[in-house]
Amino acid sequence: MIRKINHKKEFIAMKIFDLFQASYKIEAEILEVDNFPPLQRTIQQFVKSVTEFYAFYKDKEIVALIEVSGDDRCIDIESLVVDPAYFRNGIGAQLMRYIFSLKKTEMFVVETGLQNRPAILLYEKLGFQEVKQWDTSFGVRKIRLKKLSKI
């Protein structure tokens, strides 16, 4: 089941934090980087965030999250995290498709590290195409992908 969650509640923000830590530690290893900004987000930053969070539940537990922002022109997929115990089960794709059906917009955009092949393959499978690559100040080559919507 997928549902929007209220990240303003501290106990929910703590669940978000824990899931980000578990998932982004794996991405940091894939990208071979120690200083990874997603791992530096605090519980209070989640509480104060202006983004929306949607959770994928399995047995009443949050096992994946998607964080989005934007408007009717463009929705930015800010984060997509899955509990490592549930990697490769199609949950990330289910969350993405849910957002595609929920958000009426002209396009969707997402960014990830260029070395994160599993994420890039998922996004390409869902119809995203590369639009840009660049180097970050924290030593990661990033890629930005977009998908035009069929509204």
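The coordinates are above.
The following paragraphs examine the structure supplied in this document. Computed from a predicted model, the values in this text were never measured in an experiment.

On to the environment of alanine 13, then. Positionally, alanine 13 belongs in helix α1 (residues 10–31). Residue alanine 13 is classed as buried on the basis of its relative accessible area of 0%. In the structure, alanine 13 is positioned 122 residues away from aspartate 135 in sequence and 30 Å away in space, judged by C-alpha atoms. The contacts of alanine 13, once residues within four sequence positions are left out, are His7, Ile43, Phe46 and Val47.

Turning our attention to the sheet that holds strand β2 (residues 52–58). Taken together, seven strands build an open sheet; the order of strands is β1-β2-β3-β4-β5-β7-β6 and the sheet is mixed. Two strands in the sheet have a free side with no partner beyond their single neighbour: β1 (2–5) and β6 (129–135). Along the sheet, successive strands turn relative to each other by an average axial angle of 30 degrees, direction set aside. Direction of pairing for strand β5 (residues 107–113) relative to strand β7 (residues 141–148): antiparallel, over a ladder of seven bridges. From the neighbouring strand, threonine 112 faces β7, where its bridge partner is isoleucine 143. Along the sheet, helix α4 (residues 117–125) contacts β4 (74–82), β5 and β7; its crossing angle with β5, the most-contacted strand, is approximately 165 degrees.

If charged atoms from side chains of opposite charge come close, those side chains can pair. Within the structure shown, the criterion is met by six salt bridges. Between lysine 4 and glutamate 52 there is a salt bridge, with its nearest N and O atoms 3.5 Å apart. Residue lysine 4 is located in strand β1, and its partner glutamate 52 is located in strand β2; the two are separated by 48 residues in the primary sequence. According to the relative accessible area criterion, glutamate 52 is partly exposed, its value standing at 23%.

Rules behind the numbers
- Residue numbering note: each chain is counted from 1, following its sequence as written.
- Only residues with pLDDT of at least 70 are given local features in this predicted model, and only at 80 or more are side-chain atom pairs given and counted; all residues enter the totals for whole chains, interfaces and linings.
- For side-chain calculations, the full set of non-hydrogen atoms in the structure is used, while hydrogens and water are omitted.
- We count a stretch as a helix when DSSP gives it H or I for four or more residues in a row; a strand needs E for two or more, and each element gets its number in order from the N terminus.
- Burial classification: accessible surface area is computed with a 1.4 Å probe over protein chains only, and a residue below 20% of its type maximum counts as buried, one above 50% as exposed, and the rest as partly exposed.
- We call two residues contacting when some pair of their heavy atoms lies within 4.5 Å.
- Two strands qualify as a pair provided that DSSP identifies no fewer than 2 bridges between them.
- For every element, the axis is a line fit to its C-alpha atoms; helices are fit only across the contacting stretch, and the angle between N-to-C directions ranges from 0 to 180 degrees.
- Note on definitions: salt bridges are taken to be side-chain nitrogens of Lys or Arg within 4 Å of carboxyl oxygens of Asp or Glu.

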